[in-house]
Amino acid sequence: MLGKCFGIMMTISFFSALFLGRWEELGNAVLNGASSAVNVVFGLVGIMCLWCGIMEVLKERGVTARLSKIISPVLRLIFPDASKTGEGLEEISGVISANLLGMGNAATPLALRAMQRLEKTNQIPGTASADMITLAVLSTAPLSLLPTTVIALLNNAGASNPYKILPAVWITSAACSIFAVLICRIAAGISRCKR
């Protein structure tokens with residue numbers, strides 16, 4: 001789908017430049033866009049490497065396992081099946097920790113590992129369980145205390161105070177996370193009732 005959207009945008013840009021005679025502007029936009037994309041990527045790569053490394057060190061030192069025990073009462077409510085089996089809780093805890101730090105990219109490998117672990121105890125293999133759906137939804141609408149990626153983007157763009165967004169991020173991410181978990185739990189309850 002993203003490829004189709006990009007193709008449509010490119011076609012519209014090409015024909016607009018053709019009909020309006022703005023080849024020079026189109027060429028400059030392409031070159032400037034490519035240059036700024038490279039700058040943004042290099043600005044984010046360092047931060048992503050740092051946090052991915054930190055998450056791996058935390059996992060090796062057992063911090064994510066301890067964090068999983070600390071937040072287990074909350075995890076029991078959000079991921080009841082995983083709490084019963086114990087499969088994937090450490091990875092889920094890592095996903096939540098990475099998302100709290102605003103590092104969705106660091107959370108992705110952990111989320112994939114968590115999904116593999118959750119699949120081991122899935123009652124209907126090949127079909128997403130309620131916990132798997134909740135993890136996917138919570139990964140797309142996570143609670144974020146320190147949105148490091150957004151702060152890095154704002155800093156790279158020259159913002160005078162990139163941390164000014166924090167209160168808005170806290171409010172909106174908390175609301176989104178709570179709503180997402182409630183919807184998932186309601187849908188899981190309805191699904192269980194139908195079975």
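Let me sum up the structure you'll find in this document. (Residues numbered from 1 in each chain as written. Predicted model: local features only at pLDDT ≥ 70, side-chain atom pairs only at ≥ 80, totals over all residues. Heavy atoms only, no water.)

## Digging into the pattern of salt bridges
This is how the line gets drawn: Counted as salt bridges are all cases of a side-chain nitrogen of Lys or Arg within 4 Å of a carboxyl oxygen of Asp or Glu. For helices the rule is a DSSP run of H or I covering at least 4 residues; for strands it is a run of E covering at least 2, with both sets numbered from the N terminus onward. Exposure categories follow from relative accessible area, calculated using a 1.4 Å probe and restricted to protein chains: below 20% of the type maximum is buried, above 50% is exposed, and the middle band is partly exposed.
With the rule as written, the count across this model stands at 3 salt bridges. The residue Arg117 makes a salt bridge to Glu91 at a minimum N-O spacing of 3.0 Å. Of this pair, Arg117 sits in helix α7 (residues 104-120) while Glu91 sits in helix α6 (residues 89-100), placing them 26 residues apart in sequence. Its relative accessible area of 7% is what places Glu91 among the buried residues. Asp131 is paired through a salt bridge with Arg185; the nearest N and O atoms lie 3.6 Å apart. Residue Asp131 is found in helix α8 (residues 130-140), and its partner Arg185 is found in helix α10 (residues 166-194); the two are separated by 54 residues along the sequence. For Asp131, a relative accessible area of 1% puts it in the buried group. The network of salt bridges with shared partners includes Glu87, Glu91 and Arg117.

## Comments concerning the side chain of Ser177
Spelled out, the test is: Residues count as neighbours in contact if any of their non-hydrogen atoms are within 4.5 Å of one another.
Looking at where Ser177 falls in the secondary structure, it is placed in helix α10. Taking relative accessible area as the criterion, Ser177 reaches 8% and is therefore assigned buried. Filtering out sequence-adjacent residues up to four positions away, Ser177 remains in contact with Leu138, Ala141, Pro142 and Leu143.

## Quick notes on helix α9 (residues 148-156)
Residues spaced three or four apart along an α-helix face the same direction, because each turn holds 3.6 residues. Formally: The arc under discussion is defined with respect to the helix axis, by the directions toward the C-beta atoms.
Of all the positions in α9, only Thr148, Thr149, Ile151 and Ala152 are classed as buried. Summarising the axial view, the buried residues of α9 lie within an arc of 165°, below the 170-degree limit, and thus occupy one face. In this structure, the buried side of α9 is in contact with α2 (23-60) and α10. Note on α9: the residue one or two positions beyond its end, Gly158, has a positive phi of about 90°.

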